[in-house]
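Structural overview for review
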Amino acid sequence: MKSEAASSRLRRYTAMLLALVTIFTLAFEIPSAPAATTYKQKVTGTCNYSYAQQIVTYTNQLRSSKGVSTVRLDKDLTKAAMQRAAEISVSFGHTRPDGSAWSTVNSRVRAENIASGYTSPQSVYNGWYNSSGHYANMVRAGYTAIGVGCFYTNGKWYWVQLFGNQMGTAEKRRTSVKSTFTVTVKGTDPAVNTSYSAPKLTAAKCSAKNEMKFTWTPVQGITDYEIACLMPGASDWVTIKMTGVGYSAKLDTVLMGLVYTGKYSIKLRGVYKKNGKTKYTGWSATRTVKIK
């Protein structure tokens, strides 16, 4: 969670009027871009906490019948399970869409069950019950906490159980909540046209007090760009639009109004329309500059 001070700084920063001065110079450089490895995908659907509670009830009835301790619905593990349910709607499997292991979703998880297509808590529980590996997770001794993901998106349910041996804060919600998750996906964003190279950001430096000068090469055929700037101490990038840029092999652009001292990072990408939809090139390399 961001501190109030950091949030205040970010609001002040985004409210500033940033001036961009572009100087055309003559030099020939061929633009190129590093290959993209991951991208962010938004997944919107409904999280059903009532269904989660029902699955815990069925699971505890089974555990009690086998003489092992019951589990309680954990708030953080349920948050992680809902995230995983959204992720398996993008790429079904115990490997997360970004290529990492399922266990990286939360440091307290020890086992995972997943499923899709079942239409009720009872039916998905029955499916896990009749699968030896899933059943073993549900009756394994030593677990005290559980997170349950019940996520409905694009006409289909996705289900997750995460088991842990350390209980945190209890999850008490019994409602359905419309939610949007950010899923990191390995590969190239389909919104990015790979036929275009990314703009090439070749250099950046502190050119004067509260100013940054960077040198870059735009993309032929693209006149609009986004500059992403990460201010000192912030975790969110601020996007600045730049339009009507003509092609030149080398441009110098000055970013003004940088009132905070410290390290700033910048990168940029081209923006264009195709079939009425907004498309983007890949991001340029990132440059970091210390502003004094």
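Details of the structure are given in the entry above.
Attention in this report is confined to the structure presented alongside it.

Analysis parameters
Residues numbered from 1 in each chain as written. Predicted model: local features only at pLDDT ≥ 70, side-chain atom pairs only at ≥ 80, totals over all residues. Heavy atoms only, no water. Helix = DSSP H or I, 4+ residues; strand = E, 2+ residues; numbered from the N terminus. Buried < 20%, exposed > 50% of the residue type's maximum accessible area, 1.4 Å probe, protein only. Contact = heavy atoms within 4.5 Å. Areas by Shrake-Rupley, 256 points an atom, 1.4 Å probe, with all protein chains shown as cover. Phe/Tyr/Trp six-rings, centres within 6.5 Å; stacked < 30°, edge-to-face > 60°. Pairing = 2+ DSSP bridges.

Comments concerning the overall build of the protein
Within the protein, the regular secondary structure consists of 5 helices and 15 strands. Here the protein, with 292 residues, has 42% of them falling under the buried criterion. Taking the contacts inside the protein whose residues are at least 6 apart along the sequence as the reference set, 74% of them involve residues at least 24 apart. When the accessible surface of the protein is totalled, it reaches about 14800 Å², and 50% of it is carbon and sulfur.

Focus on the packing of aromatic side chains
Taken as a whole and judged by the stated rule, the model has 11 aromatic pairs. Ring plane angle 45° and centroid distance 6.0 Å describe the contact between Tyr125 and Tyr129, whose orientation is recorded as tilted. You can see Tyr125 and its partner Tyr129 sitting in helix H4 (residues 121-129), 4 residues apart, about one turn around the helix. Here Tyr129 and Tyr135 contribute two aromatic rings whose centre-to-centre distance is 5.3 Å and whose plane-to-plane angle is 85°, an arrangement assigned as edge-to-face.

Regarding the pairing of strand S14 (residues 277-280)
With 4 bridges joining them, strand S13 (residues 262-274) and S14 adopt antiparallel strand pairing. Paired with Tyr272 across the bridge in S14 is Lys279. In textbook terms, the turn of a hairpin is the stretch between consecutive antiparallel strands, and for S13 and S14 this stretch comprises 2 residues, one of which, Asn275, has a positive phi near 55°.

A few points about the environment of Thr278
Considering the arrangement of structural elements, one finds Thr278 in strand S14. Not counting chain neighbours up to four residues away, the residues in contact with Thr278 comprise Val271, Tyr272 and Lys273.

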